[in-house]
Each structure stands twice: as C-alpha cells, then as structure tokens.
Amino acid sequence: MLDQGAPPQPSSRTAPASPGPFARLMRRKPVERLVAEGGQGEGGSLRRSLGLWQLTMISIGATLGTGIFVVLGEAVPKAGPAVTLSFVIAGLTALFSALSYAELAGTIPVAGSSYSYAYATMGELIAWICGWCLVLEYGVSVAAVAVGWGEYLNELLDGTVGVTIPDALSAPPGDGGIFNLPALVVVMLAMAFLLGGARESARANTIMVAVKIAALVLFCAIGVQGLRSGNYENFMPMGMAGVSAAGATLFFSYIGFDAASTAGEEAKNAQRDLPRAIMLSLVIVTALYVLVAAVAVGAKPWQRFGDSEAALAQIMREVTGQSFWGTLLAFCAVIAIASVVLTVLYGQTRILFAMSRDGLVPKVFSRVHPKTGTPRANTVIVSLFCGVLAAAIPLGQLADATSIGTLFAFGLVNIAVVVLRRTRPDMPRTFRVPLSPVLPAVGLGLCVWMMGSLSAVTWAVFGVWMAVGLVFYFLYGHRRSRLASPAPSEK
C-alpha cells in the first residue's frame, strides 16, 4: 500500500540534458554513419562505377596541366630558375598531406574528402570551415584554370587560322578586357560532360590525360634542344623568400591529387583503390612538373616569363623557329587544361553534395537525377558560378586564393589523421601514414609555412571569405544540421 503523504519519487528515466552551445558546435558525425550514408542523395543514389585506373586519371586530370601550362608564367618571375626547387617544395608539402589523405580516404571512403574527415574527428564547426575552404579551393581553381585555357586557345587560333579572340572578350576586367568568354565556354563544356554521368566523364578525362602527358613529353624532347647554361646562372635571384613565395603559388598546381577522395562514393572498391590512386598520381605529376620546369627555364631567360600564361607554346616556337610546334602544343594544352576544369569541377560538386546531405547547405545540392545518377542541379549551379568567376577575375588573384584555401584544408587533414588514430585506433585501415604523428606534424608545419609566404592581399581575401562562411553557417547550417536530430538507428 502506498504512503499517501510520501513525496513523489523521481523517475528513473530522466530526459537527457540538452547539449550546450559549444557542444553543439563540436558535435562529431560517427564514421559508421558517414560510411552508411555513402552514395545516398535526395531522390536517388550515386553509382559506383570507378576503378583504380579511373580514380588515378581523375587525380592526374585535376592536377597535371594547371601549374605547368598556366601558373608557370606567374611563378618564374618570383623564383627565377629556382622555380624547379619551388615545384619540389610544393610537391613535398603535398606529399606529406597526401599520406594523411591516403589513410583517411581508405578509412572513410566518402564524397566529402577532408570536410568529411574533419566532421568525424574534430566536430561540425571545424568541418564547416574545412568544407568552406574546399569550396574556395575547388571552385576558384576551376575559374583560374579556365582563364589560362583562353590564353592557349588564342595561341591555337593564331597558329591555325591567323586570328585571335579580341582582348575585350578574352581577358577579365583588370587585364585589359571586359569579359573572358573562352573561360566561360570551357566551364560550360565541362558541365555538359558531368551531366552525362561519372563513368562517361571519366572516359573523356582519361583520353585528355593521355594527350596532356604526350604534350609535356614532346615539349621536353624539343625544348631540351634550346637549353642555354647561362639561363641557369643567378639560380636564386630572389633568395629563399622568392622560392617559397613561388612554391606557395605553385601549390595551386597540386590540389588535384585529392580529387580522387571526392569520388569515394562512386568507386567500386574505395578502401583499396583511393589510397593507391592518390599516391600514384602525386608521384607521376611531381616528376613531370620538375622535368618540364627545368627544361623551360633552361630554354628561356626567366625574366621573360611574365608576359604570357601560354609560356610553353612560346618556348616551342622560339626553339624551333617554326609556328607548327607551338601550335601543336597549344592544341594539346587546350585539351589538357579542359580536363583539369572537368575533374576539379567534379570534385567541387561532390563536396557540396556531402555538405548538403548533412544539412549544412541547401538540399538542392544533394538531389540526384534518377537516370544519370548525378547531382544535376548541383552541377549546373556550381558551373554557372565558376564560369562567371572565371570570366570576371584575373588569373593571379584566383591562383593565390586557391592556394591558401588548399593549404588550410590540407593542414586540417594532417590533424584529423592523428586525432582518428587516437580516438579510433581499432578501425581497419588499408593504408597507414608511416611515423605518425611525426610526418603529419611535418605536413602541418609545411602548410603553415607556405601560407605565411602568401601576400597580405591574399590573406585579406581569405579572411573575408571565412567571415562570410561563418555567417552562413550560424544563420543556416548550424540550425539545419542533420546531427541536430539523430538518425533513426541512433534514437
């Protein structure tokens, strides 16, 4: 019999305390949930159709060509003949980060790349910052590469039909033009390929990668005939500061190796193939970059590199005394740079796909077309944004803005791999970073050092970009995050 006067006993099942503001910012997405949601979008799923060969070609396609065909003319005046060292430094920085990417890509094979890795290890706010940096890295680099594509298109037109696109329609404001039409055109062409599906885009990219490798080998074979030992004298005219400044700009050339990690939800065997594709592509690309740069500065005085983004085609013409070889290289470069636009644009759409699925950006970015298995609306929106950006902003500003976003994201990846080792040491890993945490710490230090070599203007642009991103997160993403309500299996 109950005692009527006894005070009510507290229930043994009390409601869980609501997490505080800081806890909500630092909420992490379980690795198992990330992997389980792989490929799932609004109204359909991505299709797993990519093997090791296609993934490696995606990485090479997104990397090889950007720095050597386009940004070389921007970097040589900063470092002189020592630009070859700048490529090596940038490549080493990429290598340390690539080791961390390879481990995380094999452990968490999802579309979000470093954004998803940060979400699983460091919490939602850091993940958002990383994702926002990736938007800068991928989206702006598409625009930067598209600007250089227009330079080589003019070289090709001049060598074949004797006409060029007027500056008013082939250069952005600030570079003597009104609107860069070729840059917009190449982005729209890449969009058309991506709308056809991942497998079809990968096939087109593989053909274009073969063309660009053949073009660079041809350049070395012909350019070596014009080598002059005097061009290597005063090897480091700006000192180590110039080498590091050029390296920071050239790091823009290495962002492609992580494009394979954005294909984690469309790979047939992601855990096995992603680490292999990342490392293999980086080795191939770095070797070609250093070789071509050494031949280029040996065949042409470094003081004359600032007059055009189509430097390699000009060197071919000067060495042979014939327009044919320069025109041929320009043709190959038009195809090669288009493949960079295609694969980097692909990576950007998949990162936004993952962020949308988590609720941090609008759902339209994770809507999958049932017939093609691609995020169609996402692709169109991103392509239009990148195309307009390419048509309106000069190359140099775009390249440096991309570099700082890339370096920041890579630094976070080096931290994430150490955190996941500590928090989830039992997880199966198809690749492990050797000498961890030493090598990830070196990778982080190199990223910080190269970020410090960038100009104050670049830092100011980066600060404004981050401020805009944080405002968007607190007004939209933080409130709509799917982690605010657990998945059905976690309730």
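What comes next concerns the included structure. (Residues numbered from 1 in each chain as written. Predicted model: local features only at pLDDT ≥ 70, side-chain atom pairs only at ≥ 80, totals over all residues. Heavy atoms only, no water.)

Some points on a nonpolar patch on the surface
Move 1: The grouping of Leu169, Ile178, Phe179, Leu181, Val185 and Leu189 at the surface amounts to a nonpolar patch, some 510 Å² of accessible area in total.
Move 2: With three residues, the single largest contributor to the nonpolar patch is helix α9 (residues 181–195).
Move 3: Residue placement: Leu169 occurs in helix α8 (residues 167–170).
Move 4: Relative accessible area serves as the criterion here: at 40%, Leu169 is assigned to the partly exposed category. (Patch = residues over 30% accessible without salt bridge, like charges linked within 9 Å, V, L, I, M, F, W, Y side chains within 5 Å. Areas by Shrake-Rupley, 256 points an atom, 1.4 Å probe, with all protein chains shown as cover. Salt bridge = Lys/Arg side-chain N within 4 Å of Asp/Glu carboxyl O. Helix = DSSP H or I, 4+ residues; strand = E, 2+ residues; numbered from the N terminus. Buried < 20%, exposed > 50% of the residue type's maximum accessible area, 1.4 Å probe, protein only.)

With respect to the pattern of salt bridges
Pairs can form between side chains of opposite charge once their charged atoms are near each other.
Move 1: The final tally for this structure, using the stated rule, is 13 salt bridges.
Move 2: Notably, a salt bridge pairs Glu37 with Arg33, separated by 3.2 Å at the nearest N-O pair. Each member of the pair, Glu37 as well as Arg33, carries the same accessibility label: buried.
Move 3: Notably, a salt bridge pairs Arg357 with Glu265, separated by 2.7 Å at the nearest N-O pair. With a gap of 92 residues between them, Arg357 in helix α14 (residues 323–357) and Glu265 in the loop between α11 (239–250) and α12 (270–299) connect regions that are remote in the sequence. One exposure class covers both Arg357 and Glu265, and it is buried.
Move 4: One salt-bridge network, in which partners are shared between bridges, spans Lys29, Arg33, Glu37, Asp358 and Arg482.

Concerning the packing of aromatic side chains
Move 1: Taken as a whole, this structure holds 13 aromatic pairs when the rule is applied.
Move 2: Both rings, one in Phe87 and one in Tyr289, keep their centres 5.2 Å apart while their planes meet at 35°; by these two values the pair is tilted. You can see Phe87 sitting in helix α5 (residues 83–107) and its partner Tyr289 sitting in helix α12, a full 202 residues away along the chain.
Move 3: What makes Phe87 buried here is its relative accessible area of 0%.
Move 4: Look at Trp132 and Trp465: their rings are 4.5 Å apart centre to centre, the planes differ by 20°, and that puts the pair in the stacked class. Within this pair, whereas Trp132 is found in helix α7 (residues 124–160), its partner Trp465 is found in helix α18 (residues 456–480), the two being separated by 333 residues in sequence. (Phe/Tyr/Trp six-rings, centres within 6.5 Å; stacked < 30°, edge-to-face > 60°.)

Some thoughts on the nonpolar core
Move 1: Phe69, Val83, Phe219 and Leu312 are the most contacted members of the largest nonpolar core, which totals 154 residues.
Move 2: The element contributing the most residues to this core is α7, with 20 residues.
Move 3: Residue contacts for Val83: discarding those within four places in its chain leaves Leu72, Ala75, Val76, Leu250, Ala293 and Val297. (Core = buried A, V, L, I, M, F, W, Y, C linked by side-chain atoms within 4.5 Å. Contact = heavy atoms within 4.5 Å.)

Concerning α11
Move 1: Spanning 12 residues, α11 covers 17 Å between terminal C-alpha atoms, matching the ideal 16 Å at 1.5 Å per step.
Move 2: Along α11, the positions that sit buried rather than exposed are Gly242, Val243, Ser244, Ala246, Gly247, Ala248, Thr249 and Leu250. (Expected span 1.5 Å × (residues − 1).)

Focus on unusual backbone geometry
Move 1: The linkage connecting Ser436 with the following residue, Pro437, adopts the cis geometry, with an omega of 10°.
Move 2: For Asn234, which is not a glycine, the phi torsion comes out positive at approximately 50°.
Move 3: On the secondary structure map, Asn234 appears in the loop between α10 (198–223) and α11.
Move 4: With a phi close to 55°, Leu435 is a non-glycine residue in the positive phi region.
Move 5: Note on placement: Leu435 falls in the loop between α16 (395–423) and α17 (438–452).
Move 6: The exposed category is assigned to Leu435, whose relative accessible area is 63%.

Some points on the side chain of Ser97
Move 1: Of note, Ser97 is situated in helix α5.
Move 2: Other than its neighbours up to four places away in sequence, Ser97 contacts Phe257, Phe410, Val413, Asn414 and Cys447.

A few points about the environment of Trp449
Move 1: Mapped onto the secondary structure, Trp449 falls in helix α17.
Move 2: Distance from Trp449 to Ser244, taken between C-alpha atoms, is 8.6 Å for residues 205 residues apart in sequence.
Move 3: Apart from the residues lying within four places of it in its own chain, the contact partners of Trp449 are Ile89 and Ser244.

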